[in-house]
Amino acid sequence: MKHSSSDFLIRESTSADEKEVAEVFASAFAPVRMIYRPTLETLSHQTKHPWEETRLVAVINEQIVATVQFDLHEEHLHVIGLAVRPEFQRKGIAGHLLNRICDHSASTGRHKVVIETIKETGNVPLFEKLGFQIVNEVIANWCISEIHDQLHFVTMERTVVV
Ligand SMILES: CC(C)(COP(=O)(O)OP(=O)(O)OC[C@H]1O[C@@H](n2cnc3c(N)ncnc32)[C@H](O)[C@@H]1OP(=O)(O)O)[C@@H](O)C(=O)NCCC(=O)NCCS
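What counts as what
Residues numbered from 1 in each chain as written. Predicted model: local features only at pLDDT ≥ 70, side-chain atom pairs only at ≥ 80, totals over all residues. Near = placed C-beta within 6 Å. Helix = DSSP H or I, 4+ residues; strand = E, 2+ residues; numbered from the N terminus. Nonpolar A, V, L, I, M, F, W, Y, C, P; charged D, E, K, R; others polar. Buried ≥ 20, exposed ≤ 12 C-beta atoms within 10 Å, placed from the backbone. Pairing = 2+ DSSP bridges.

Caption draft 1: View of the site of the ligand. Residues in close proximity to the ligand total 20 residues, the closest being Ala28, Gln89, Ala94, Gly95 and Thr117. Looking at the shell around the ligand, the elements that each hand over two or more residues are helix 1 (18-29), strand 5 (76-84), helix 3 (93-107), strand 6 (112-118) and helix 4 (123-129). By residue class, the composition of the shell around the ligand is 11 nonpolar, 6 polar and 3 charged.

Caption draft 2: Local environment of the pairing of strand 7 (residues 133-139). Among the 7 residues in strand 7, 0 count as buried, and that is only a small part of the element. Both strand 7 and strand 9 (residues 152-159) contribute to a ladder of 6 bridges, which runs antiparallel. The residue of strand 9 that forms the bridge with Gln133 is Glu157.

Caption draft 3: Representation of the environment of Arg33. By secondary structure assignment, the location of Arg33 is in the loop between helix 1 and strand 2 (37-38). Given 11 C-beta atoms within 10 Å, Arg33 falls into the exposed group. The spatial distance from the C-alpha of Arg33 to the C-alpha of Val138 is 20 Å, given a sequence separation of 105 residues.

Caption draft 4: A look at the pairing of strand 4 (residues 63-72). Bridge analysis of strand 3 (residues 53-60) against strand 4 gives 8 bridges, and the strand direction is antiparallel. Looking across to strand 4, one finds that Glu53 is bridged to Asp71. Connecting the antiparallel pair strand 3 and strand 4 is a turn made up of 2 residues, with Asn61 showing a positive phi of about 45 degrees. Inspection of the sheet shows strand 4 paired to strand 5 by 6 bridges, in the antiparallel sense. Counterpart to Gln69 in the pairing with strand 5 is Ile80.

Caption draft 5: How the structure looks around unusual backbone geometry. Despite not being glycine, Asn61 has its phi angle at roughly 45 degrees, a positive value. One can find Asn61 in the loop between strand 3 and strand 4. Within the chain, Glu62 stands out as a residue other than glycine whose phi angle is a positive 65 degrees. One can find Glu62 in the loop between strand 3 and strand 4.

Shape descriptors only; they carry no functional weight alone.
Right under this line is the structure:
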């Protein structure tokens, strides 16, 4: 059954959430790791970027069930690391988190929210349902897959009314 936004709380994450957030990531991304993972070389070159980052968490009965981060750029918000615990997926929680980010984008005068995904995860139609459109697609040669010969990195945007 779908959750309404009154069924759970969305709040900014604190340092006390770190362990639970890591568990949400591990459980959400475990099935995805068969489909793609960054090469070791990519991981070793990852640097911390200079943009301001905010992490949100969705909480039900004091348990963190989902998390997402966003960066503030000059003209858009960039969504990263969206993850929902498997047992809480398909209940509308990602949709609520992304709506919250879109509201924040509008309130800060930014009319675009950007999310990137690997096409082979099946997430593209999911984000299309949530109002995002494909704006770019390239071969993701920085990822490897146990089941696909080639992976595609897709950039999607949702326009928000400022
Ligand atoms: C992708 C993910 C965040 C979606 O979270 P979620 O809370 O299950 O998504 P929602 O319930 O808000 O679903 C959004 C829409 O997509 C649909 N949807 C969700 N999962 C789907 C699936 N596996 N297949 C088809 N449609 C799906 C929902 O029905 C909903 O559409 P609706 O509003 O018309 O009902 C979650 O599946 C996840 O954590 N996956 C693993 C990590 C990952 O891939 N993160 C994204 C990296 S970019």
